[in-house]
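Structural characterization, general
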Amino acid sequence: MKPSLHLLAVTTAAALLGACTWGIKLDPAGQRVRTAWNGNVGQCRDLGKVTVSVLSRLGPVDRKDVKVRDELEVMARNEAAKMGADTIRPLGEPSNGEQSWEAYACGAASPQPGAAAPTRTPDATPAGQGVQTFPAKDGGG
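Each value, and the rule that gives it
Residues numbered from 1 in each chain as written. Predicted model: local features only at pLDDT ≥ 70, side-chain atom pairs only at ≥ 80, totals over all residues. Heavy atoms only, no water. Disulfide = S-S within 2.5 Å. Helix = DSSP H or I, 4+ residues; strand = E, 2+ residues; numbered from the N terminus. Buried < 20%, exposed > 50% of the residue type's maximum accessible area, 1.4 Å probe, protein only. Core = buried A, V, L, I, M, F, W, Y, C linked by side-chain atoms within 4.5 Å. Contact = heavy atoms within 4.5 Å.

Right, let's talk about the state of the cysteines for a bit. Among covalent bonds in proteins, the disulfide is the one between the sulfur atoms of two cysteines. Applying the stated criterion across every chain yields a total of one disulfide. Covalently, cysteine 44 is tied to cysteine 106 through a disulfide, its sulfur atoms 1.9 Å apart. Where cysteine 44 bonds to cysteine 106 through sulfur, the torsion about that S-S bond is close to 110 degrees, and the disulfide is right-handed. In this pair, cysteine 44 is assigned in the loop between strand E1 (34–35) and strand E2 (45–53) and cysteine 106 in the segment after strand E6 (98–105), connecting sequence segments 62 residues apart. For cysteine 106, a relative accessible area of 12% gives the class buried.

Here it is, written out as structure tokens:
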């Protein structure tokens, strides 16, 4: 492949990568699962660990970190719902597109359907309250 054609292929792949949605959507059961970013799950029953993964790079192109993190959270919430969980908590930072989460049943601490979603700012969360997040809807992948 000629160098200019190779550059065009890489540029096209990067442009398509920035416009993708990857098909990872929060399902109705996953919408009922909150994310406890501050780790406050003391009154909850531990249901087990969920490990999810997504592509963090496509060839030589790294995907945007925030999009990878959002997709990991969506997948973890969907998987936790299948376990009967209503809360998840990250067990660490994502690494190479993979992240582990702990799933919990917290009962009344679970958000109600249709409730407004707080922003992803754990430092601004009052003590004893978790934060629920939803993926950004910027149309990118």
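Our next topic: the nonpolar core. Membership of the largest hydrophobic core comes to 13 residues, with the highest contact counts inside it found for Val52, Ala80 and Ile88. The set of elements that each furnish at least two residues to this core consists of E2, helix H2 (65–82) and E6. Looking at this core element by element, the count peaks at five residues for H2. In this view, valine 52 contacts Leu72, Met75, Ala76, Glu79, Gly97, Glu98, Gln99 and Trp101; residues no more than four positions away in its chain are not counted. Listed in part, the five residues of the second largest apolar core include Ala36, Val41, Cys44 and Tyr104.

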